[in-house]
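Structural overview for review
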Amino acid sequence: FGFGLSYSSFEYLTMQQSLDTLREGNTTTLSITIQNTGSVEGDEVVQIYAKPVYTIKAQPVLQLVGFQRVTVPSGSKKTLTFDINGSMFSHNYGEERCEIYSLFAGSSSRNLRLKTSIFLK
């Protein structure tokens, strides 16, 4: 992704979602707004990760569910949208499932800056 190679800096401002509850086959849209706080135009790779809040099944600690690269002029804001589909969690539908996931946005799995939750039904 080019981690650590930017000449600019970015602030993650907001994360909003269109649905709080997902059923298998449904989609929620995440809107992430970032701002270039540096003095030059720069690229940022915004990454979305999902993490089960509680599960008895073996699952990854963090699962990458989306990413986008965007060029932002100095001082400007950009809003990116991500479609998060219920089928991304299809391995978790059934008797032993996690019903709540945390969704994170950041520039890497080590630099998660925004958080929300999604419920599976």
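Heads up: the structure comes first, above all this text.
Summarised in this report is the structure supplied together with it. (Residues numbered from 1 in each chain as written. Predicted model: local features only at pLDDT ≥ 70, side-chain atom pairs only at ≥ 80, totals over all residues. Heavy atoms only, no water.)

A surface patch of nonpolar side chains, amounting to about 390 Å² of accessible area, comprises Val53, Tyr54, Ile100 and Phe119. As for its placement among the helices and strands, Phe119 is situated in strand β8 (residues 111-120). (Patch = residues over 30% accessible without salt bridge, like charges linked within 9 Å, V, L, I, M, F, W, Y side chains within 5 Å. Areas by Shrake-Rupley, 256 points an atom, 1.4 Å probe, with all protein chains shown as cover. Salt bridge = Lys/Arg side-chain N within 4 Å of Asp/Glu carboxyl O. Helix = DSSP H or I, 4+ residues; strand = E, 2+ residues; numbered from the N terminus.)

The next point concerns the side chain of Ser8. Within the secondary structure layout, Ser8 lies in the segment before β1 (10-17). Ser8 gets classed as buried once you look at its relative accessible area, which sits at 14%. Among the polar contacts made by the side chain of Ser8, one reaches the side chain of Asn36 at a distance of 2.5 Å. Of the polar contacts made by the side chain of Ser8, one reaches the backbone oxygen of Val40; its length is 3.1 Å. Ignoring anything within four residues of it in the chain, the contact list for Ser8 reads Asn36, Gly38, Ser39, Val40 and Gly42. (Buried < 20%, exposed > 50% of the residue type's maximum accessible area, 1.4 Å probe, protein only. Polar contact = N/O pair within 3.5 Å; in protein donor to acceptor, adjacent residues only side chain to side chain. Contact = heavy atoms within 4.5 Å.)

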